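Topology and contacts: notes
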Amino acid sequence: MVLTVTKPTVGGSEDSWGTTINTALDDIVLEINSNADGTNAITPNLTEGSWQISTTPITVSAAELNILDGATVTTAELNILDGDTSATSTNVADADRVVFNDAGTMKQVAMSDIKTYINASVGSGSVTSVAMSVPTGLTVSGSPITTSGTLAVSLQSGYSIPTTSSQSNWNTAYGWGDHSSQGYVTSSSLSSSLSGYATTSQTFGVSQSWQTTSISVVTWYQNTSSKAQAWKVRHNPGSNHTVRVGSSTSNYVTLDMRDGDSGEFVPIEFIVPPNHFFYLNSGNSLVSQYKLA
Amino acid sequence: MAFRHIIDASGEYIVQDSGNDPMPPLPEGASEVEARPSPFHNRVGDTWVEDTARKTEALSLEVRGMRDFKLRDEVDPIVTNPLRWADLTTAKQNEWAQYRTDLLNVPQQAGFPNTINWPTKPE
C-alpha cells in the first residue's frame, strides 16, 4: 500500500499539531508493524542497475530472475554445464540420461533411446557387398565383408612386384639412359657369335703371374676365373700320385705323376681352363706348388 | 686370390678359385661352407669332423713312400753295384748296411707314422 501522512498546519494550535503528528505516527507504526508481521507485503519497485550488493549493481531483470523460479539445480550441476572437464567413470545403463537438444528443445534422453537409434541407423547386416578396386596387375578374389573369410589380393599372370634389390638395379640401369642409343649389346646373336673366342683380357698369360699356393690334396678345386690357370706341383715320393682335370668332378682325365721310363716321380704341370676342375689324388702332402693365374 | 668353399648339389666339397675376377654366383643347389680344416675331415651335418683313421693311413703311406724313395734312390745305387760296394771299407759297408736296416725298420718306430726319426745317410 502507499503510506500517506497529514502534516501539521503551520500557525495551527498546539492541539492540532499534537493531534496531527500523533495520527501520522500511528499510521507509520501501523504500516511498519503490518509489514513486519507479514500482514502486508513489501513491494519495492526496484529498477535494474539501481540496486546493489556490496557496491556491485544488480542488472538482472525480473523476467531473467524468474527463469530460476522452480529450479532445483545444484552448484555442482551448474558447474558441469559450465564446461567442467573432470570426468567420473560410470557404467552406462539404458536408464541413464543425457542432456539432448531436440530440435531446439533441451531434454533428457534415455540411453536406451540413443541405442535404439544407433542400431536402427548403423546396425549390422545392412552391408551386402563391398567391392575392392586394385591397380592393373593385381586381382581380387572373395567378398566376405558381411561374413568371415579372406579377401585375397594376388598378382595377375605376367605381373610381379620387384624386390628392393631388383628395383635398385633397375633404377641404376634406368639412370644410364636410353639403352638402345647407348651402344649396349642387346642381341643374343652377338654373344653367340662371340662364343668360343677369348677377349684380349681373357688371353692366357696376359696379366697373370706365377705364384706359390697352399692347396690341399684330395680336394676338388674349380677355376672360376675368366682365364685358364697353369699349375706345377710336386709331391713327396710315394705312390698313387695322379692329377684329375676335367669339366666337372665326374668328367675328367687322370694325369700320372710318374715318369713313364724311369718310374720316378716328377713334378707335373697342367692347365685348368675356366670353369674346369682339378684334384690332386694322393695321400701325400705337396712339396711345392705353383700357379700361373 | 679369392677362394670360396662350397658343398655342391651332389655333396662334393669344392674350393672355387676366382683369381682376380669377382666370385660368380653360387651354383644352383650349392651352399657355402667354412674351409675344410684338412683333407682328412668329413662333412657331418654342419661341421667338419676329422677322420683320424684315414689320416693315420694316409700319413703311413707318405712315410713308407719316403722310406721307399730313400732305399731306391740312396741305398740301392750303392749296395747293388758290386764295384762301388767293393770300393767301400768294411766300416763303411757296415754303416750302409745299418742305414738300410734302419730305413726298413722305420714303420716299427714307436712314433710311426706321426713322429719319425729318420736315420742319417752315411757320408
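Residues numbered from 1 in each chain as written. Chains lettered and ligands numbered in written order. Predicted model: local features only at pLDDT ≥ 70, side-chain atom pairs only at ≥ 80, totals over all residues. Heavy atoms only, no water.

1. As for a nonpolar patch on the surface
Residue and element names in this part refer to chain A. Residues Leu 3, Val 5, Val 10, Trp 17, Ile 21, Leu 25, Ile 28 and Ile 32 make up a contiguous nonpolar surface patch of about 700 Å² in total accessible area. As for its position among the elements, Ile 32 is in helix 1 (residues 14–36). We classify Ile 32 as exposed; its relative accessible area is 52%. (Patch = residues over 30% accessible without salt bridge, like charges linked within 9 Å, V, L, I, M, F, W, Y side chains within 5 Å. Areas by Shrake-Rupley, 256 points an atom, 1.4 Å probe, with all protein chains shown as cover. Salt bridge = Lys/Arg side-chain N within 4 Å of Asp/Glu carboxyl O. Helix = DSSP H or I, 4+ residues; strand = E, 2+ residues; numbered from the N terminus. Buried < 20%, exposed > 50% of the residue type's maximum accessible area, 1.4 Å probe, protein only.)

2. Remarks on the confidence of the model for chain B
Residue and element names in this part refer to chain B. Of the residues in chain B, 99% have a pLDDT of 70 or more, and the chain-wide mean is 91. For chain B, helix 1 (residues 52–79) is the element with the lowest average pLDDT, namely 89, and helix 3 (residues 90–104) is the one with the highest, namely 96. Across the predicted assembly, pTM comes out at 0.47 and ipTM at 0.75. (pLDDT = per-residue confidence, 0-100.)

3. A look at the packing of aromatic side chains
Following the criterion strictly, the structure yields nine aromatic pairs over all chains and no others. Where Trp 220 of chain A meets Tyr 279 of chain A, the ring centres are 4.9 Å apart and the plane angle is 40 degrees; that geometry is what we call tilted. Here the residue Trp 220 of chain A occupies a position in strand 8 (residues 220–223), and Tyr 279 of chain A occupies one in strand 13 (residues 277–281), the gap between them amounting to 59 residues. Trp 220 of chain A gets classed as buried once you look at its relative accessible area, which sits at 2%. Looking at Tyr 279 of chain A, the relative accessible area reads 10%, which means it is buried. One aromatic cluster in this structure is built from Trp 220, Tyr 252, Phe 277 and Tyr 279 of chain A. In this structure, Lys 70 of chain B is placed above the aromatic ring of Trp 118 of chain B, and the distance from its NZ or CZ to the ring centre is 5.5 Å. (Phe/Tyr/Trp six-rings, centres within 6.5 Å; stacked < 30°, edge-to-face > 60°. Lys NZ or Arg CZ within 6 Å of the ring centre and 35° of its normal.)

4. Points about the nonpolar core
With 19 residues, the main nonpolar core has Ile 215, Trp 231, Val 233, Val 243, Phe 270, Phe 278 and Leu 280 of chain A as its most contacted residues. Of all the secondary-structure elements, those providing two or more residues to this core are strand 9 (229–235), strand 10 (242–246), strand 12 (268–272) and strand 13 of chain A together with strand 2 (13–17) of chain B. No other element matches the three residues that strand 12 of chain A contributes to this core. (Core = buried A, V, L, I, M, F, W, Y, C linked by side-chain atoms within 4.5 Å.)

5. Some details on the pairing of strand 5 (residues 47–50) of chain B
Relative to strand 5 of chain B, strand 4 (residues 41–44) of chain B runs antiparallel, the two being bridged by four bridges. Bridging across to strand 5 of chain B, Asn 42 of chain B finds its partner in Val 49 of chain B. (Pairing = 2+ DSSP bridges.)

6. Some remarks on the sheet that holds strand 2 of chain B
Sheet architecture is open: seven strands sit in the order 11(A)-10(A)-13(A)-8(A)-2(B)-1(B)-3(B), paired in mixed fashion. Each edge of the open sheet is held by one strand with a lone partner, namely strand 11 (252–256) of chain A together with strand 3 (31–32) of chain B. The sheet contact formed by strand 1 (residues 3–7) of chain B and strand 2 of chain B spans five bridges and is antiparallel. In the sheet register, His 5 of chain B faces strand 2 of chain B, and the bridge partner there is Val 15 of chain B.

7. Looking at the interface of chain B and chain A
At the junction of the two partners, chain B supplies 23 residues and chain A supplies 24 residues. With both sides pooled, the region where chain B packs onto chain A buries about 2000 Å², and carbon together with sulfur makes up 50% of that total. Applying the counting rule to chain B against chain A returns one salt bridge. Lys 291 of chain A is paired through a salt bridge with Asp 17 of chain B; the nearest N and O atoms lie 2.5 Å apart. Between the two partners, chain B and chain A, sit 11 residue pairs in polar contact (both at pLDDT 80 or more). (Contact = heavy atoms within 4.5 Å. Buried area = accessible area lost by both parts, 1.4 Å probe. Polar contact = N/O pair within 3.5 Å; in protein donor to acceptor, adjacent residues only side chain to side chain.)

8. Some points on helix 1 of chain A
For helix 1 of chain A, which comprises 23 residues, the first-to-last C-alpha distance of 32 Å matches the rise-based estimate of 33 Å (1.5 Å per residue) to within 8%. When we look at burial in helix 1 of chain A, the residues that qualify are Thr 20, Ala 24, Glu 31 and Ser 34 of chain A. (Expected span 1.5 Å × (residues − 1).)

9. Here we look at the side chain of Asp 8 of chain B
Within the secondary structure layout, Asp 8 of chain B lies in the loop between strand 1 and strand 2. Despite being buried, Asp 8 of chain B has no salt bridge partner; Arg 43 of chain B is the closest side chain of opposite charge, sitting 12 Å away. In this structure the side chain of Asp 8 of chain B is engaged in a polar contact, spanning 2.8 Å, whose partner is the side chain of Ser 10 of chain B. Leave out the neighbours within four places in its chain, and Asp 8 of chain B touches Thr 249 of chain A together with Ile 14, Gly 29 and Ala 30 of chain B. (Lys, Arg positive; Asp, Glu negative; His and termini not counted.)

10. Some remarks on the sheet that holds strand 14 (residues 286–292) of chain A
Residues and elements named next belong to chain A. The sheet built from four strands is open, its strands ordered 7-14-9-12 with antiparallel pairing. On the outer flanks of this sheet lie strand 7 (210–212) and strand 12, each paired with one strand and no other. Across the sheet, the axes of successive neighbouring strands diverge by a mean angle of 25 degrees, strand direction being ignored. (Axes fitted to C-alpha atoms, helices over the stretch in contact; angles between N-to-C directions.)

11. So, unusual backbone geometry
Along the chain, Phe 112 of chain B connects to Pro 113 of chain B via a cis peptide bond; the corresponding omega equals 0 degrees. Note on placement: Pro 113 of chain B falls in the segment after helix 3. Notably, Ala 103 of chain A is not glycine yet its phi reads approximately 50 degrees, a positive angle. For Ala 103 of chain A, a relative accessible area of 78% puts it in the exposed group.

12. Notes on the environment of Thr 120 of chain B
Residues and elements named next belong to chain B. Positionally, Thr 120 belongs in the segment after helix 3. The exposure class assigned to Thr 120 is exposed, which follows from its relative accessible area of 70%. The spatial distance from the C-alpha of Thr 120 to the C-alpha of Trp 96 is 10.0 Å, given a sequence separation of 24 residues.

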